[in-house]
There are 4 protein chains.
Amino acid sequence: MKIGIFTSGGDAAGMNPAIKAFVELAIENSFEPYFIYDGLEGLIDGKIEKADFHMVAGILHRGGTILRSSRSKRFYDKKYRQKAFDNLEKHGIERLIVLGGDGSFRAMDVFYKEFGINFAGIPVTIDNDIYGTDYCLGVDTALNVIRHLLDNIRDTASSFGRAFVVETMGRSCGYLAIVSAIASGAEICIAPELEVDFEGIKKRLKREIENGRTYILAVVGEGSNMTETVRDFLLNELKFDTRVTVLGHVQRGGNPTIFDRLMAYKFVECAIEHIKENIHHMVGFKNSKFYLIDIDSVANNKYKLDDFLIKLAQTKAV
Amino acid sequence: MKIGIFTSGGDAAGMNPAIKAFVELAIENSFEPYFIYDGLEGLIDGKIEKADFHMVAGILHRGGTILRSSRSKRFYDKKYRQKAFDNLEKHGIERLIVLGGDGSFRAMDVFYKEFGINFAGIPVTIDNDIYGTDYCLGVDTALNVIRHLLDNIRDTASSFGRAFVVETMGRSCGYLAIVSAIASGAEICIAPELEVDFEGIKKRLKREIENGRTYILAVVGEGSNMTETVRDFLLNELKFDTRVTVLGHVQRGGNPTIFDRLMAYKFVECAIEHIKENIHHMVGFKNSKFYLIDIDSVANNKYKLDDFLIKLAQTKAV
Amino acid sequence: MKIGIFTSGGDAAGMNPAIKAFVELAIENSFEPYFIYDGLEGLIDGKIEKADFHMVAGILHRGGTILRSSRSKRFYDKKYRQKAFDNLEKHGIERLIVLGGDGSFRAMDVFYKEFGINFAGIPVTIDNDIYGTDYCLGVDTALNVIRHLLDNIRDTASSFGRAFVVETMGRSCGYLAIVSAIASGAEICIAPELEVDFEGIKKRLKREIENGRTYILAVVGEGSNMTETVRDFLLNELKFDTRVTVLGHVQRGGNPTIFDRLMAYKFVECAIEHIKENIHHMVGFKNSKFYLIDIDSVANNKYKLDDFLIKLAQTKAV
Amino acid sequence: MKIGIFTSGGDAAGMNPAIKAFVELAIENSFEPYFIYDGLEGLIDGKIEKADFHMVAGILHRGGTILRSSRSKRFYDKKYRQKAFDNLEKHGIERLIVLGGDGSFRAMDVFYKEFGINFAGIPVTIDNDIYGTDYCLGVDTALNVIRHLLDNIRDTASSFGRAFVVETMGRSCGYLAIVSAIASGAEICIAPELEVDFEGIKKRLKREIENGRTYILAVVGEGSNMTETVRDFLLNELKFDTRVTVLGHVQRGGNPTIFDRLMAYKFVECAIEHIKENIHHMVGFKNSKFYLIDIDSVANNKYKLDDFLIKLAQTKAV
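Below: a short report on this structure. (Residues numbered from 1 in each chain as written. Chains lettered and ligands numbered in written order. Predicted model: local features only at pLDDT ≥ 70, side-chain atom pairs only at ≥ 80, totals over all residues. Heavy atoms only, no water.)

Our next topic: the packing of helix 11 (residues 307-314) of chain A against helix 9 (residues 258-273) of chain B. Following both chains from N to C, one finds helix 11 of chain A and helix 9 of chain B inclined at 90 degrees, their axes separated by 13 Å at the closest point. When the axes of helix 11 of chain A and helix 9 of chain B are compared, the pair comes out roughly perpendicular. Along its contact with helix 11 of chain A, which presents A:Phe308, A:Lys311 and A:Leu312, the element helix 9 of chain B presents B:Tyr265, B:Lys266 and B:Glu269. A class-by-class count of the residues in the contact of helix 11 of chain A with helix 9 of chain B yields three nonpolar, no polar and three charged. (Axes fitted to C-alpha atoms, helices over the stretch in contact; angles between N-to-C directions. Helix = DSSP H or I, 4+ residues; strand = E, 2+ residues; numbered from the N terminus. Parallel < 35°, antiparallel > 145°, perpendicular 65-115°, else oblique. Contact = heavy atoms within 4.5 Å. Nonpolar A, V, L, I, M, F, W, Y, C, P; charged D, E, K, R; others polar.)

Listed per partner, the contact involves 31 residues of chain A and 32 residues of chain C. For the pair chain A and chain C, the two sides together bury roughly 2400 Å², of which 57% comes from carbon and sulfur. Looking only at chain A, the three residues that lose the most surface to chain C are A:Phe160, A:His249 and A:Val250, adding up to 25% of its buried area. Where chain A packs against chain C, one counts two salt bridges. Put simply, C:Arg162 and A:Asp11 hold a salt bridge, and the shortest N to O gap is 3.6 Å. The interface formed by chain A and chain C includes 10 residue pairs in polar contact (both at pLDDT 80 or more). Residue assignment for the side of chain A that touches chain C shows that the elements contributing at least two residues are helix 5 (139-160) and strand 9 (242-246) of chain A. In terms of residues, the side of chain A that touches chain C owes the most to one element, helix 5 of chain A, which gives nine residues. For the side of chain A that touches chain C, the residue count by class is eight nonpolar, 15 polar and eight charged. (Buried area = accessible area lost by both parts, 1.4 Å probe. Salt bridge = Lys/Arg side-chain N within 4 Å of Asp/Glu carboxyl O. Polar contact = N/O pair within 3.5 Å; in protein donor to acceptor, adjacent residues only side chain to side chain.)

So, about the relation of the copies chain A and chain C. Here two copies of a chain appear, and what relates them is a rotation about an axis with a shift along it. You can overlay chain A on chain C at an RMSD of 0.0 Å; the transform is a turn of 180 degrees with a shift of 0.0 Å along its axis. Classification of the inter-copy transformation places it as that of a two-fold axis. (Least-squares fit on C-alpha atoms with pLDDT ≥ 70 in both.)

With that settled, consider the relation of the copies chain A and chain B. At an RMSD of 0.0 Å, chain A and chain B line up after a rotation of 180 degrees and a shift of 0.0 Å along the axis. Of all interface residues in chain A, 100% are interface residues in chain B too; the two copies therefore contact each other through one and the same surface.

As a further point, take the interface of chain A and chain B. Taken together, the contacts link 31 residues of chain A with 31 residues of chain B. Across the chain A-chain B interface, the total number found is four salt bridges. A salt bridge links B:Lys311 to A:Glu269; the nearest nitrogen and oxygen atoms lie 3.5 Å apart. Linking chain A to chain B there are 15 residue pairs in polar contact (both at pLDDT 80 or more). Elements represented by at least two residues in the side of chain A that touches chain B include exactly helix 5, helix 6 (175-183), helix 9 (258-273) and helix 11 of chain A. Sorting elements by how many residues they give to the side of chain A that touches chain B places helix 9 of chain A first, with seven residues. Class assignment of the residues belonging to the side of chain A that touches chain B gives a composition of 12 nonpolar, 12 polar and seven charged.

Attention now goes to helix 3 (residues 78-91) of chain B. Residues and elements named next belong to chain B. Between its first and last C-alpha, helix 3 extends 20 Å over 14 residues, near the 20 Å set by a 1.5 Å rise per residue. Where helix 3 is concerned, the buried positions are Arg-81, Ala-84, Phe-85, Asn-87 and Leu-88. For helix 3, the angular spread of buried residues about the axis comes to 155 degrees, placing them on one side. Residues of helix 3 that are exposed and angled more than 90 degrees away from the buried face: Lys-79, Glu-89 and Lys-90. In this structure, the buried residues of helix 3 make contact with strand 2 (32-36), helix 2 (39-45), strand 3 (48-50), strand 4 (93-100) and helix 4 (102-115). Regarding helix 3, its N-cap is Asp-77, as a side-chain oxygen of that residue lies 3.0 Å from the backbone nitrogen of Lys-79 further along. Gly-92 sits one or two residues past helix 3 and shows a positive phi near 75 degrees. (Expected span 1.5 Å × (residues − 1). Buried < 20%, exposed > 50% of the residue type's maximum accessible area, 1.4 Å probe, protein only. Arc of directions from axis to C-beta.)

Residues and elements named next belong to chain A. Strand order in the open sheet made by the four strands is 7-8-6-9, with parallel pairing throughout. Sheet topology places strand 7 (188-190) and strand 9 at the edges, where each strand pairs with a single neighbour. Adjacent strand axes in the sheet meet at a mean angle of 15 degrees when their direction is disregarded. Taken together, the three bridges between strand 7 and strand 8 (residues 216-221) define a ladder with parallel strand orientation. Within strand 8, the residue paired with Cys-189 across the bridge is Val-219. (Pairing = 2+ DSSP bridges.)

Time to look at the environment of B:Pro256. Counting through the fold element by element, B:Pro256 comes out in the loop between strand 9 (242-246) and helix 9. When the C-alpha positions of B:Pro256 and B:Gly212 are compared, they lie 39 Å apart, and in sequence the two are 44 residues distant. Residues in contact with B:Pro256, not counting those within four places in the same chain, are A:Arg147, B:Ala13, B:Gly14, B:Pro17, B:Leu60, B:His61, B:Arg62, B:Thr141 and B:Arg261.

Moving on: helix 7 (residues 198-210) of chain B. All names here are of chain B. Given a rise of 1.5 Å per residue, 13 residues ought to cover 18 Å, and the 18 Å separating the end C-alpha atoms of helix 7 matches this to within 8%. Every buried residue of helix 7 is accounted for by Gly-200, Ile-201, Lys-202, Arg-204 and Leu-205. Looking at the buried side of helix 7, the elements it contacts are strand 7 (188-190), strand 8 (216-221) and helix 8 (227-236). Sitting at the head of helix 7, Asp-197 places a side-chain oxygen 3.0 Å from the backbone nitrogen of Glu-199.

All names here are of chain C. Per the counting criterion, the structure on display carries 104 salt bridges over all chains. Arg-81 is paired through a salt bridge with Glu-114; the nearest N and O atoms lie 2.6 Å apart. Residue Arg-81 is found in helix 3 (residues 78-91), and its partner Glu-114 is found in helix 4 (residues 102-115); the two are separated by 33 residues along the sequence. Under the relative-accessibility criterion, Arg-81 is labelled buried at 9%. Here Glu-114 falls in the partly exposed class, since its relative accessible area comes to 30%.

Structure representation (structure tokens):
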């Protein structure tokens, strides 16, 4: 049986280790692995190649994806999905593994319903905002990149008696902001999941300033749209020389951490284990276990952050 | 209620984040936090000080422990345990939190039985070899330090067509070697838990060399005592220019990863939650949950590596 | 003879190694070292303390400055300079060493002319824009921080076929942008020192795109004020999905590199060597040598970038 | 004119940036660049390929060398040098650029004298031990790798009140040990260039221990062969719990620093500038300038360490 793999949607570390695991596990289980380059665009254009061990040598520590990725508007058009299907049929590829976000999974679900191509989706996004899984590939690497940057910023904040507002990615999900703030001991955390009380923050920090606090580190999730508000607050209410840093795309990249490398392997292993079945699911990770969840459930539910994290971070928003 | 904390035994990242969490959670829960410096030696010598927020500012990203650690022979002697107890009584400290290994927990258990001092042990060691917990603080940081070093070595191995034998720490436990080998895609993994078949390895690698392999990376856990054997094997049987690198103490240190910082918080939170009870246990982490386990169970059972990891690494030992 | 040291102005790595070198070299040469905290503000407020070896233990690898820094408006007022002088006289401090930028040196020069306090300035700024020295402390560390971030961004740019516009610091000096662009192989470099020809860039990159180029990395120095222009150009003229990242304050901090640690030592050594003389100069580094240059020359001339660098970077602006 | 490049001898960072600069500068100057793989072995076996821009995309941040390297015994034999020459003639390659150590340059000099093939050698070795140049490519990267490891070790040394003996590479040259020890503030430095006085060290450290010193970091260059001696000294004379770490090959690899990337460019630029001449020299870097030096001078003289460094480090050996 021939299985194709492609990467789709936003960039995150862990894709290359997953691609390597795919080739190794496919061959070990007597499947024939195929690469599809440039995501859904490449599927439409037939950028398909038989994969082997050589093609995945030395890629474990590289950020990004050797298969390249894309966002495809054409795939919304049935005409192009037909082309995609024709390409798969030409190569005899019967199954697909998709590394990407829930948007990509939904597109594949439509494709499955039309053409019967089975697939397994593996959640990859630094936003960690996909329903049905506690963990998305790339998150641990992103968090550790943020950690280094926050450690740097804290050094200078404390040296110069300043306030820093650091905006993290995460779209409407506050996971990155919340975990970074907790793990870096930020004084303020603002995220869509938190109830913000500036009066409370002001009272708390004024007390700390009286007790010797000379600098402030605030972490703000982009989804809250409050970066400027927090800056103005620190400047006007707490009278701090305040700087804003929007971390931006540097959060996405880099050498995958051990955790992301191991999780990449396990996600792919679960996908390969079930790939012969009538599969059109995402591989999820819940309570330390990998399992399959149908795409409708993934698409129609909203990821909810761990209560423990919210409780912990909430103390930094009041 | 006054609670003391000290660090004991081997060095590992995550101690400072745990100490910071301790001070914050103790105060939040209306306990009085105390620092005991230099481990059990400091307990005997009365190096005890009331702790406050200022003392834990800016320590999250530092390796080592601001409380310093030690190994104490004197504590085996009842006379010195009496001194230790007298010191605690003088300060009115009723509970202890111990960051260390199972040896330290056993010492505390004896102390508890003699003097009734309740305590919670938090497992900290890069060896990840303590029964009753899937995770010991410091392991993720150690693994990521090893990852960087293996990535460096692989670059030069592939450039120079060499074989490298890299020895990791871990004492009699192969966790570090096994996870590093898997996550770094090493060709050979040797660890106490694995059955090694050099004939099998030879056959496998000869086939790969015929198919174009030009270098070899072998990861060997120190507990297997086979570093030299593997070197000789690569040199004599596979005719590779072979170098040995013993990673040594650089594995222990450094800026704690996000995972170790979060786990530090959660371990301490569980300890604080139960600290008022008749506690003389270790905090363990099993199946995504924190719980208490008595010291006898910890001391009398041997940690067993995850079958998944052994299965995966076993393919690198034959 | 008593010598004081303080840090002033913007933040950059290398201050702590310089402070450590100061204490060691002062004592070795039979001077008495003093710390002045919080820059010129602390000089006014008398935050002065005798320094010893213990106070500089374990600081080599910390970003920021243990002496803290500030910008002082009060020091423009003679009344406060008188207070500063009185504080020095009270402690018997006859000489000062100032780690900072040319603004701080000019302030000290005024102070010298009024009160006769000799001083040596050591140039510290990541902007590398001070006349009279080829190198300012902190630059190498900043460049290596930027390198890591650009390496990350390039990985994802190449995976996703995107254009990235990365804005570096540097104020009106393009040094950081130019060296980063050269050392990271950026396709476009925009800086105040360069003549930009968008038509030329367009022609060059169109040709490269025809030859297979799939992504673009543009480095823009903040002083050029062209970040948005470059974004629009890439989006509209070259039709690339384009992202902007403003690196911000993460460039300033972090563990000083070997080069900054060594240079810190050498700058301080030169200052100490001449500190007994009638000194009111900056220590400069020119053609591999350290020397003294008077503050008027520093203040009244503009730093000029190395022709080699401009020539090299200019090819990335046309 | 066709110019070939190959990498030879020991591994060091900076080779890939030099290879990239070579392709770009060759094309810019209307030469035709050729790659020779596997060093002198590949020259003998005719592993030669025309180079273009695509082949050097995305290699700036990779350790090792994409051209691979080797040590060649066959090249000592005239028969194989004839083969090498025939290969060059077949491709019409008239000039060579060699990235490697003095051994490789001497081999090329013999080849030049026999066959008239002009060449430029670029010094690449982390040992920094080649006469005629103040700097060899790879040294800055190696030093910064060592810095991170020493920073880690110092954290744990200070936490656990231990002594650490860290052995660096460098063969008979103490450059790495000396600069690392200075830049990391090691208490002891042992290197071939230093006069060691254990009685002096003992007296000095005993005084410091009385004043509160609780740990010791000793950096030992491998060329001194004194790692075990220092260990025994710290254990027996100063009664410290002492650990030895031999850093080994991890020093060689990794992402090249900014300094190594820039220097790579400048070394290659000087080589290309003179490549049309009757060149059979090494490119050296002296007093901030690049120049050519004949191979006999390189081969027959011994590199001498900077007096400043020796003076500075000598205080750590007595």
